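Observations on the model geometry
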Amino acid sequence: MKSFKLKILIFAIIFAPITFSLGVWQINRANEKIEILENYDKLLLSESLPLKNDHENWQPIKTSGQFKDLVIYEDNATLNGKAGFKIYHLFQNSDNSYIFVHRGFLERNTIKNNLPKVDIPLGNQDLEGKVLKRNSNTFVKNVEESDIRIIQEFDLSYLKERHSVLENIQIYNYLFNLEEKNEMKFSAIEQPVNMSSSKHIGYAIQWFGLCLALIILTIYAYRRKDG
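The numbering scheme is per chain: residues are counted from 1 as the chain's sequence reads. Since the coordinates come from a predicted model, pLDDT governs what is reported: local features require at least 70, and pairs of side-chain atoms require 80 or more to be given and counted, while whole-chain, interface and lining totals use all residues. Think of the side-chain values as coming from all heavy atoms in the structure, minus any hydrogens and water.

1. Digging into the packing of aromatic side chains
- Here the aromatic set is Phe, Tyr and Trp, taking the six-membered ring for Trp, and pairing holds for ring centres within 6.5 Å; pairs whose planes are under 30 degrees apart are stacked, those over 60 apart are edge-to-face, and all others are tilted. Within the structure shown, the criterion is met by 8 aromatic pairs.
- Measuring from ring centre to ring centre gives 5.4 Å for Y40 and W58, while their planes differ by 90 degrees; the resulting arrangement is edge-to-face. Here the residue Y40 occupies a position in helix α1 (residues 2-44), and W58 occupies one in the loop between β1 (49-50) and β2 (60-79), the gap between them amounting to 18 residues.
- Exposed residues in this analysis have more than 50% of their type's maximum accessible area, buried residues have under 20%, and partly exposed residues fall in between, with area computed by a 1.4 Å probe over protein chains only. Relative accessible area serves as the criterion here: at 18%, Y40 is assigned to the buried category.
- Taken together, a centroid distance of 5.6 Å and an interplanar angle of 85 degrees make the contact between Y88 and F154 edge-to-face. Note that Y88 is positioned in strand β3 (residues 82-93) and F154 in the loop between β6 (150-151) and α2 (156-162), a separation of 66 residues in sequence. Each member of the pair Y88 and F154 is classed as buried.
- Taken together, the ring pairs connect Y88, F100 and F154 into an aromatic cluster.
- Lying over the aromatic face of F67, R103 brings its terminal NZ or CZ to 5.5 Å of the ring centre. For the purposes of this entry, the term helix denotes a DSSP run of H or I that reaches at least four residues, the term strand denotes a run of E that reaches at least two, and both are numbered from the N terminus. Remark: a charge is flagged as sitting over a ring if the NZ atom of Lys or the CZ atom of Arg is within 6 Å of the ring centre and within 35 degrees of the ring normal.

Spelled out as structure tokens, the structure:
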């Protein structure tokens, strides 16, 4: 029995701090999401600004120019339970700089490389949208596809290696997330946060609950008289 109690104690000593730390981490993540959403709400009230390199993420922006014929398809996108692509369309601004316009989500065809058709809007376009900066995902890497227009994540350096048209042009390293009301926008998919703060709080409660259960069970085991 003493050996059993010792094992319980060791188990609790190891895992109680871990579960408590995970609960604290979820609380911190919830606070981060609240700050992001508060900043997002403030930015939505600001006017649309011309393009520049040091805009905040989700800053409303505007530009004018023409769409080019290079369309990039980011794989592994899902929306409402459907698999598809995020569509990034190269756009030449009136000052001869370039940016990829995020036109939204398109559902994929049965065969992956049978890419959904994306029409190229003709003539000069006045666009409004928001800055969309994409953080690198350590779990996602670009791999060579049979169709060079397909990527796994937006990486401007990788795109320049694959498309010679991008090599010697001035191009912004963030995306122009086209406003939803624009008729050239497909299904909107991007959100300022991918999980609400309330969900993080819920997970935190679960981790704290598990930590408390470990402590209670350990106390109970040690107070129980050996039979």
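On we go.
2. Some details on helix α3 (residues 197-223)
- A helix is expected to span 1.5 Å for every residue after the first. Along its 27 residues, α3 runs 39 Å from first to last C-alpha, staying within 8% of the 39 Å computed at 1.5 Å per residue.
- Residues of α3 that are buried include every one of S197, H200, A204, C211, L214, T218 and A221, and no others.

3. Describing the confidence of the model for the protein chain
- Averaged over all residues, the pLDDT of the protein chain equals 87, while 94% of them reach at least 70.
- Every residue gets a pLDDT, meaning the predictor's confidence in that residue, from 0 to 100. Mean pLDDT per element in the protein chain: α1 is the minimum at 83, and strand β4 (residues 98-107) is the maximum at 96.

4. Observations regarding the side chain of K86
- Positionally, K86 belongs in strand β3.
- Residue K86 is classed as buried on the basis of its relative accessible area, which comes to 12%.
- Polar contact is defined as a pair of N or O atoms within 3.5 Å, subject to the rule that within protein one atom must be able to donate a hydrogen and the other to accept it, and that residues adjacent in sequence are counted only when both atoms are side-chain atoms. A polar atom in the side chain of K86 sits 3.1 Å from the side chain of E190.
- Contacts are residue-level and defined by heavy atoms, with any inter-residue pair within 4.5 Å sufficient. With residues up to four places along the chain from it excluded, the contact list for K86 reads I72, Y73, E74, A77, H102, G104, R134, I189 and E190.

5. Structural notes on the pairing of β2
- Two strands pair if DSSP finds at least two bridges between them. Bridge analysis of β1 against β2 gives 2 bridges, and the strand direction is parallel. Note that in β2 the partner of L49 across the bridge is I61.
- By the bridge criterion, 6 bridges tie β2 to strand β5 (residues 125-132) in an arrangement that is antiparallel. In the sheet register, I61 faces β5, and the bridge partner there is G129.
- When β2 meets β3, the two strands line up antiparallel, connected through 10 bridges. Looking at the pairing, I72 lines up with Y88 of β3.
- The turn joining β2 and β3, which pair antiparallel and follow one another in sequence, is formed by 2 residues; a positive phi near 55 degrees is taken by N80.

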